[in-house]
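# An overview of the molecular structure
Residue strings, one per chain:
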Amino acid sequence: MARLKITQTKSYIGSKQNHRDTLRSLGLKKLGDTVVKEDRPEFRGMAKTVRHLVTVEEVD
């Protein structure tokens, strides 16, 4: 099954509380953090919500 590599590339300072909560739910705490999650609609939706703060890559 495919996996997603999600990396926080921008700071959450000045962003909405909802975006901060989404980053925390993904497991991203600070700039440069990277997590690998299963390619599921839930995680894609969360990444789409904060797409201006993260980069997403597909990993096999």
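Up top you'll find the structure we're talking about.
Read on for an overview of the structure. Quick caveat, the model's predicted, so the values are computed rather than measured.

Now for the side chain of Asp33. In this structure, Asp33 sits in the loop between α1 (17–26) and β2 (34–38). Buried within the structure, Asp33 lacks any salt-bridge partner; its nearest side chain of opposite charge belongs to Lys30, at an N-O separation of 5.2 Å. From its side chain, Asp33 meets the backbone nitrogen of Lys29 in a polar contact 3.0 Å long. Ignoring any residue separated from it by four or fewer positions in sequence, one finds Asp33 in contact with Ile6, Thr7, Gln8 and Leu28.

This part is about the packing of α1 against helix α2 (residues 41–49). Across the interface, α1 lies against α2 with an axial gap of 9 Å and an inter-helix angle of 140°. Here α1 is positioned oblique relative to α2, judged by the angle of their axes. The handedness of the crossing between α1 and α2 is left-handed. Residue-level contacts link Asn18, His19, Thr22, Ser25 and Leu26 of α1 to Phe43, Met46 and Thr49 of α2.

Conventions we followed
Residues numbered from 1 in each chain as written. Predicted model: local features only at pLDDT ≥ 70, side-chain atom pairs only at ≥ 80, totals over all residues. Heavy atoms only, no water. Helix = DSSP H or I, 4+ residues; strand = E, 2+ residues; numbered from the N terminus. Buried < 20%, exposed > 50% of the residue type's maximum accessible area, 1.4 Å probe, protein only. Lys, Arg positive; Asp, Glu negative; His and termini not counted. Salt bridge = Lys/Arg side-chain N within 4 Å of Asp/Glu carboxyl O. Polar contact = N/O pair within 3.5 Å; in protein donor to acceptor, adjacent residues only side chain to side chain. Contact = heavy atoms within 4.5 Å. Axes fitted to C-alpha atoms, helices over the stretch in contact; angles between N-to-C directions. Parallel < 35°, antiparallel > 145°, perpendicular 65-115°, else oblique. Left-handed = near helix turned anticlockwise from the far one by under 90°.

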